[in-house]
Amino acid sequence: MSARASLVLAPVARLLAAALLIGGCTKEEPSSEALGTADERTLQKLRQEVDRVNQGGRQAHGPEATRGAPNAQLAGLAAGLEEAAPRQLGVPEGNATVHVDSVAVKLTGLESSHSAKGSGKMSVTTEELFLRVQFVTQNVGPKPVTLDLESATVVDAQGASYALARDAQVLAGTRPLRRTWAPEERADIILLFELPPPALREGALHLIMQGTGGEVRIPLR
């Protein structure tokens, strides 16, 4: 089994978008013309489920969600990727610049999506939501400074903490995460986290970054 197929069949709720395309065909799968009426009804239900999930709902796991086609839940999510446009989120009012050691940090953008796409055709999707956090940084100190962004987390209103979504980060985020800024050096940073949809709707969110003086909290919502 190829690496791409392994991701599609894995029990986790993420896969490469190119792995399954509704209406496409591979050597192992029949073409769309060969699908029976029952399978066509199943695919229609899956598209409806994808639309509901893309609006922030939880994916159904009952028998109706999977009846009629193997790997139907994963196929349904993959089929909806092209239609699941990222949702732009407004930055908080005020949006003050904060400092992590001598690095000034300013939030410049937030968006949520069920998929994260790289520069090519590869993408990764989740039943939850990817939160894409973009900010600009500048070393305002007289000496070089190193920060390890690997330890960055997002904390929700209930105190739950979410680490970086590593597969999405590798595909669509800033690399490497341990970086050194020369004096006056500027850099745009993109970090991706995986959160349940209610975490984006229910109260405050903070990005937590670690400096030598301790943690720094940056309001996101």
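These numbers come from a predicted model, not from an experiment.

## Focus on the overall build of the protein chain
Part 1 of the argument: A count of helical and extended segments in the protein chain gives six helices and 11 strands.
Part 2 of the argument: Within the protein chain, buried positions represent 41% of all 221 residues.
Part 3 of the argument: Within the protein chain, contacts between residues separated by at least 24 positions form 66% of all contacts whose residues are at least 6 apart in sequence.
Part 4 of the argument: When the accessible area of the protein chain is evaluated, it comes to approximately 11800 Å², of which 52% is carbon and sulfur surface.

## Some details on the nonpolar core
Part 1 of the argument: Grouped together as the largest cluster of nonpolar side chains are 33 residues, with contacts concentrated most on Leu 131, Val 133, Leu 191, Phe 193, Leu 195, Leu 207 and Leu 220.
Part 2 of the argument: Counting residues per element, the ones that place at least two in this core are strand E2 (98-100), strand E3 (103-117), strand E4 (123-139), strand E5 (145-148), strand E9 (186-195), helix H6 (197-201), strand E10 (206-211) and strand E11 (214-219).
Part 3 of the argument: A per-element tally of this core places E9 first, with five residues.
Part 4 of the argument: For Leu 207, the contacting residues outside a window of four places in its chain are Val 133, Phe 135, Ala 152, Thr 153, Val 154, Leu 191, Phe 193, Val 216, Arg 217, Ile 218 and Leu 220.
Part 5 of the argument: Judged by nonpolar contacts, the second largest core, of seven residues, contains Val 124, Phe 130, Ile 190 and Leu 192.

## Some words on the side chain of Ser 113
Part 1 of the argument: If you trace the backbone, Ser 113 turns up in strand E3.
Part 2 of the argument: Looking at Ser 113, its side chain comes within polar contact range of the main-chain oxygen of Ser 115, at 3.0 Å.

## Structural notes on the environment of Thr 137
Part 1 of the argument: Considering the arrangement of structural elements, one finds Thr 137 in strand E4.
Part 2 of the argument: Here Thr 137 falls in the buried class, since its relative accessible area comes to 2%.
Part 3 of the argument: Along the sequence, Thr 137 and Leu 107 sit 30 residues apart, while their C-alpha atoms lie 8.9 Å from each other.
Part 4 of the argument: With residues up to four places along the chain from it excluded, the contact list for Thr 137 reads Val 103, Ala 104, Val 105, Trp 181, Glu 185, Arg 186, Ala 187 and Ile 189.
Part 5 of the argument: Side-chain polar atoms of Thr 137 contact the side chain of Trp 181, separated by 2.9 Å.
Part 6 of the argument: Only 2.8 Å separates the side chain of Thr 137 from the backbone oxygen of Ala 187, close enough to count as a polar contact.

## Examining the confidence of the model for the protein chain
Part 1 of the argument: Of all residues in the protein chain, 62% attain a pLDDT of 70 or more, and the chain-wide mean is 75.
Part 2 of the argument: Contacts for the low-pLDDT stretch residues 1-36, under 50 throughout, to residues beyond four places or in other chains number 51 contacts.
Part 3 of the argument: Low pLDDT, under 50, characterises residues 61-71; the stretch is placed with 16 contacts to residues that sit more than four places away or in other chains.

## Focus: the packing of aromatic side chains
Part 1 of the argument: Counting across every chain of the model gives zero aromatic pairs.
Part 2 of the argument: A cation over an aromatic ring shows up here: Arg 179 above the ring of Trp 181, its NZ or CZ 5.9 Å from the ring centre.

## Looking at the pattern of salt bridges
Part 1 of the argument: Considering all chains together, one arrives at two salt bridges under this definition.
Part 2 of the argument: With a closest N to O distance of 1.9 Å, Arg 166 and Glu 150 form a salt bridge. Of this pair, Arg 166 sits in helix H5 (residues 166-172) while Glu 150 sits in the loop between E5 and strand E6 (153-155); the two residues are 16 residues apart in sequence, bridging distant segments of the chain.
Part 3 of the argument: On the accessibility criterion, Glu 150 (30% relative accessible area) is partly exposed.
Part 4 of the argument: The shortest N-O distance in the salt bridge between Arg 217 and Glu 215 comes to 3.8 Å.

## Quick word on the sheet that holds E6
Part 1 of the argument: Taking strand neighbours across the sheet as the criterion, the four strands line up as E7-E6-E10-E11 in an open arrangement whose pairing is antiparallel. Of all the strands in the sheet, the pair left with one neighbour each is strand E7 (161-163) and E11. Direction aside, the axes of adjacent strands within the sheet are offset by 30° on average.
Part 2 of the argument: Where E6 meets E10, three bridges bridge the pair, whose relative direction is antiparallel. Residue pairing across strands places Val 154 opposite Leu 207, the latter belonging to E10.

Reading the values: rules and limits
- Residues numbered from 1 in each chain as written.
- Predicted model: local features only at pLDDT ≥ 70, side-chain atom pairs only at ≥ 80, totals over all residues.
- Heavy atoms only, no water.
- Helix = DSSP H or I, 4+ residues; strand = E, 2+ residues; numbered from the N terminus.
- Buried < 20%, exposed > 50% of the residue type's maximum accessible area, 1.4 Å probe, protein only.
- Contact = heavy atoms within 4.5 Å.
- Areas by Shrake-Rupley, 256 points an atom, 1.4 Å probe, with all protein chains shown as cover.
- Core = buried A, V, L, I, M, F, W, Y, C linked by side-chain atoms within 4.5 Å.
- Polar contact = N/O pair within 3.5 Å; in protein donor to acceptor, adjacent residues only side chain to side chain.
- pLDDT = per-residue confidence, 0-100.
- Phe/Tyr/Trp six-rings, centres within 6.5 Å; stacked < 30°, edge-to-face > 60°.
- Lys NZ or Arg CZ within 6 Å of the ring centre and 35° of its normal.
- Salt bridge = Lys/Arg side-chain N within 4 Å of Asp/Glu carboxyl O.
- Pairing = 2+ DSSP bridges.
- Axes fitted to C-alpha atoms, helices over the stretch in contact; angles between N-to-C directions.

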